[in-house]
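Each chain is listed here by its residues.
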Amino acid sequence: MDVVIVESPAKAKTINKYLGKNYEVIASFGHVRDLPAKDGSVDPEADFKMLWETDAKAAKRLAEIAALVKDADRVVLATDPDREGEAISWHVLEVLRNKKVLKDKPVQRVVFNAITKDSILEAMRHPREIDQSLVEAYLARRALDYLVGFNLSPVLWRKLPGAKSAGRVQSVALRLVCDRELEIEKFVTREYWSLVAHLRTAKDAPFLARLVGADGKKIQRLDIGAGAEAEAFKAALETAAFTVTSVEAKPARRNPSAPFTTSTLQQEASRKLGMAPETTMRVAQKLYEGVDLGGETVGLITYMRTDGVDVAPEAISATRAVIGAEFGKNYVPDVPRKYTVKAKNAQEAHEAIRPTDSARLPKDVAQFLQTDQARLYELIWTRLVASQMESALLERTTVDIEAKAGSRTLDLRATGQVVRFDGFLKLYQEGKDDAAEDDEESGRLPAMSEGESCKKDSIEATQHFTEPPPRYTEATLVKRMEELSIGRPSTYASTLAVLRERDYVKLEKKRLIPEDKGRLVTAFLEGFFGRYVGYDFTADLEGQLDRISNAEIDWKQVLRDFWGDFSLAVGGAMELRTTDILENLNELLGPHIFPEKADGSSPRACPACAAGQLSLKLGKFGAFIGCSNYPECKFTRTLSDRGEQGEGARPGVKVLGENPDNGLEITLRDGRFGAYVQEGEPATKEDKPRRSSLPATLKPDDVTLDKALTLLSLPREVARHPDTGEAILAGIGRYGSYVQHKKTYANLSKDDDVLEIGGNRAIDLIMTKEAGGGRGKAGGEMKTFGDHPQGGAIALKAGRFGPYLAWGKVNATLPKGTDLQTLTLEDAVKIVDAKAAGAPSDGRLLGEHPDGGPIAARPGRFGAYVSWNKVNATLPKSMTLETITLEEAIRLIEDRIASGGGKPVKKKAAAKKPAAKKATAKKAENAEADEAETDEKPKKPAAKKAPAKKTAAKKKIEDSDDTPF
């Protein structure tokens, strides 16, 4: 028997079907070892010796792999065909050697670009050794990331309270976002005018022509900068005679884009499908590993981490056949298209991302796929097929027109474009990140000839203002990182996810906006570690890592060269005085935190005392702006409050406008317990103006006059109670947002918006609370629907977390949005039947666990989670209920079990312990359960302590790098 080791259980299941009975395919569940988060994991003093630690969740899996290998004839390492896959194979091999189970068994490495029967069998016929150069490139990258994260993050913790981490690539990506924001803030708007003549040909066909010259001089886009100048041109054109001086039609050809690489897939999925890079890669992973197509598990796309744009000859032939069958022979070019990589640091030898079988049309497989999977597969299929289609043939026409106005000669130009043959455009057109202001060539011009006179309909002079560069989207940031050779395409998704999780950036309307915390970290790193967040330095380091993978340079020499200067910079930063740091940050962030005032006065003058100077201050919870005259002057403000109120401004007060009903001023204020809105000013201390706290769902920056007026009008009626007919109100109180009926109050969840909560939701909350649900007693019966077709009554009951249906031993939570007033017996039967079949009533059934039993993803009171048997694991911020895959759910459940949160291993009954010692006994039991899952039997289980909880510092260090420790 041969043992084949892969990293994914889904992949193992698919490959096992192709290889047959003589093979046992087992998954390692990704990386099995990593650098522990402690000093000395990478030791520069010992020539960068690296200490590896086996993950607790991997210990049990490695023991199973070792047991299989012990009796195997051959070991085949078949992890992914990239650096990470090579590293996983190397780690597994090192563990098996340490366990001494290999002996004289042959160990081979195989790689395949697609999980199809032909690809896998072909790979098995051509095994090789582990590529040590790829492993060394991984080791160098991992060591660099560790040294940067582990040494730089503590500097941030000590010198910038509130900052969470820094990373070799992460911090450079953050700098890109912050630099763009600084460009926007420094941008000076410039006025300009355009003039367009609405003309008609001799045959009365209308068209547009733009002013491009006057009196022998060209007029560029920004040349007409004032209204008076524009009006002078307009007046001349109003009296001018228009004559066509030249008509030029030129043929043009537009070629299709290359098939997808990792980077271009992430960009296009973001533009066309609205998918975050992280989601794109997660969905692509599932398509690669295999999907059940009516009883057969098939890998639908090739490997999705690649820089290559090449396509296998047999795939090109199949694609050309599909084009001929679906679109006709005219759309098949005479010669197959060949694409080359433009990125200077591309080194992966894989194909482009493509369907494993072009003949498998998106419409044929959509019924077997989840929505996101179907959309992404169609995008990948369309891009490949379009890349092999005929070019689009265009005709671009330019018409020059002379306008004679007395002694003046003005030049106008009309442009147009006609598609003579659509070619690949029939199927696909690449998306654009930021559309141009005007697309002058998109229209078609009427027929005209040289010397022809044109009639004027009207002249239009339009004022414009230049706009700052747009903020990055996730797609444009990925594109920019690739252009600068920063990081690797396979890490872009995780890098962007880390920036959001650290609250360094936020995503609004698909644009990345740096948070104050992110700008502060960037300014600090630029000021004191400028070289290490430099674009050229980071790109050069990536180039060196590529050279290591090509066996051109020694990986440890790269580490030595880096560490010498970096360690000195870290030591110097630790010696910095706080005042030096703050002054440096004041200067670097000046345009952001101290914007210039309209009256020309000092932007750093304190608005409260006028004598002090504003400066950055560091507090327990982060940075803020304070007065130099503290404690005499206690003026403070946040970094995001840029002091734009002007002269006479009141500290901590932002004027939103006036109440149109009574003319009273509406303001947003900073209070002891957070931000709030207020109407008017109290005449005396005894007066109490109308006030309202902000709900948790509303940020101070998002408060408008309309929202403030709505808050001040609370409580508001949202529904009528179905039994009493009296009002159910929604409001904000001392303990947060709530709904109320008479003397019954029910708190809103974090997902409920007090300003938008609907009647059905409010009724559900009140009826649940009145029936004994909510935080108090649960289980009160609210309504009986009738008998189930199989017998037994179905009742609606109040639960602790909301209403649910009870039928025998089946309890089914109502799907979100269910209207209790219109719920019928038929609806109730469907809900309880689905629950009895194992499906979650409000969530997704993901599939079967390798050890048996369904795994479901569900929404919960404290966030979404996955469940298997009695094990529940909360989803991290980077995953959502809609996109989590079966493999990711299995890993979360394994993590939960490994941490002692799952069902403990059964043990012999112990003597009853006193009540005071129950907690201690439970901890010991969990500790023993953890030990039972390892491959080594502890000498003294009773004396072994439960693993100590990680300290906050260690947890931060774990999260400090681009790749988690």
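Presented here is an overview of the structure given in this document. (Residues numbered from 1 in each chain as written. Predicted model: local features only at pLDDT ≥ 70, side-chain atom pairs only at ≥ 80, totals over all residues. Heavy atoms only, no water.)

## A look at unusual backbone geometry
Cis geometry marks the peptide bond from Tyr 630 to Pro 631, where omega comes out at 10 degrees. With omega at 0 degrees, the peptide bond leading from Leu 714 into Pro 715 counts as cis. Counting through the fold element by element, Pro 715 comes out in the loop between α20 (705-712) and β27 (716-720). For Lys 103, which is not glycine, the phi dihedral falls at a positive 55 degrees. Checked against the element boundaries, Lys 103 lands in the loop between α3 (83-98) and β8 (107-109). Its relative accessible area of 69% is what places Lys 103 among the exposed residues. A positive phi is found at Lys 510, a non-glycine position, where the angle reads about 70 degrees. Under the relative-accessibility criterion, Lys 510 is labelled exposed at 54%. (Helix = DSSP H or I, 4+ residues; strand = E, 2+ residues; numbered from the N terminus. Buried < 20%, exposed > 50% of the residue type's maximum accessible area, 1.4 Å probe, protein only.)

## Here's the deal with the sheet that holds strand β35 (residues 844-848)
Here four strands make up an open sheet; going across it, the order is β35-β36-β37-β38 and the pairing antiparallel. Two strands lie at the open edges of the sheet, namely β35 and β38 (871-874), each paired on one side alone. Shown here is a sheet whose adjacent strand axes are inclined to one another by a mean of 20 degrees, direction ignored. Set on the sheet, helix α23 (residues 886-898) makes contact with β35, β36 (854-858), β37 (865-868) and β38; between it and β38 the angle comes to about 110 degrees. (Pairing = 2+ DSSP bridges. Axes fitted to C-alpha atoms, helices over the stretch in contact; angles between N-to-C directions. Contact = heavy atoms within 4.5 Å.)

## What to know about the sheet that holds strand β2 (residues 23-27)
Taken in spatial order, the four strands of this open sheet run β2-β1-β7-β8, and their pairing is parallel. Of all strands in the sheet, those bounded by a partner on one side alone are β2 and β8. This sheet shows a mean twist of 20 degrees between the axes of neighbouring strands, independent of strand direction. As judged from the five bridges shared by strand β1 (residues 2-6) and β2, these two strands associate in the parallel manner. Residue pairing for β2: Val 4 is matched across the bridge by Val 25. In this fold helix α1 (residues 9-19) packs onto β1 and β2, with an angle of close to 170 degrees to the strand it touches most, β2. Helix α2 (residues 56-70) rests against β1, β2 and β7 (74-77) of the sheet, and its axis sits at about 165 degrees to β2.

Any link to function would need more than the numbers given here.
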